[in-house]
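# Summary of the model geometry
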Amino acid sequence: MSRRTVNRTILAVVGLGLLLGGALVLLGGLDAYGRLDVTPPHWWPLGSPDQPVLSAASRAKWSARSWWWPVAVALPALVVLGCLWWLFSQLRRGGPAGVDLPSPAAPGEPHFALHVRSRAVEEAIEAEAVALPDVDRATVRVTGAARHPEVRAVLRLAPGADTGALVAAYRSGPVEHARTSLGLPALPARLRLRMSRPRKERAAKSRGPRVR
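The paragraphs below set out a description of the structure included in this document. (Residues numbered from 1 in each chain as written. Predicted model: local features only at pLDDT ≥ 70, side-chain atom pairs only at ≥ 80, totals over all residues. Heavy atoms only, no water.)

### Some details on the pattern of salt bridges
Under the defined criterion, the tally for this structure stands at four salt bridges. Between E176 and R179 there is a salt bridge; the shortest N-O distance is 2.6 Å. On the criterion of helical spacing, the pair formed by E176 and R179 is a turn pair, its members being three residues apart in helix α6 (residues 163–182). The class for E176 is partly exposed, based on a relative accessible area of 31%. According to the relative accessible area criterion, R179 is partly exposed, its value standing at 23%. (Salt bridge = Lys/Arg side-chain N within 4 Å of Asp/Glu carboxyl O. Helix = DSSP H or I, 4+ residues; strand = E, 2+ residues; numbered from the N terminus. Buried < 20%, exposed > 50% of the residue type's maximum accessible area, 1.4 Å probe, protein only.)

See below:
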């Protein structure tokens, strides 16, 4: 599951919970049940503006249980830890910090590991991708695991570019060169193409309309 999917799921669940809780508080605070002549169940919280979330009897009943205070402390703590985990996961880089290179050791020699920073791989692919014909700008991200990296790129093309030839050149050029340099058996790559606006259109939009 991608980070975008996790974020949308968490935000949807939290938003739905806040919406339902806010509607419940609003209905009780405005005395909507009394005005609509609706009698909610006896266990329904906030049935009137003067009713607390937990009645005195409920508070006495639950606080007398041996498990009440551990649960009352642990549950908010888990919620806070979950929120902190989600916050730090947004600040963390989406892809691996580096790429592990296969380095088989010779017989009788100790094994050693080679590690290349992901940013170095991204800059190398970007520099070679920008040099391709009709490419105005390239943005490359290395994702996946350190031993099984993937490349995601966005290329902004000049108007009238030959996309078919460009995709073939990108696959056989920057991606294949990166795979060969890293010594990987395969390097999955995802490519997104975007077309740049003609220079006249961009210049006219930047100047804006004339006012007389």
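### A short note on the packing of aromatic side chains
Per the counting criterion, the structure on display carries two aromatic pairs. The interplanar angle of 70° and the centroid separation of 6.5 Å between the aromatic rings of W67 and W68 together place this pair among those described as edge-to-face. With a relative accessible area of 40%, W67 lands in the partly exposed category. Looking at W68, the relative accessible area reads 25%, which means it is partly exposed. (Phe/Tyr/Trp six-rings, centres within 6.5 Å; stacked < 30°, edge-to-face > 60°.)

### Here's the deal with the environment of A169
Relative to the elements of secondary structure, A169 occurs in helix α6. Take A169: its relative accessible area is 25%, and that puts it in the partly exposed class. In this structure, the C-alpha to C-alpha distance between A169 and L132, residues 37 residues apart in sequence, is 7.6 Å. Each residue touching A169, except ones within four places of it in the same chain, is listed here: L132 and P174. (Contact = heavy atoms within 4.5 Å.)

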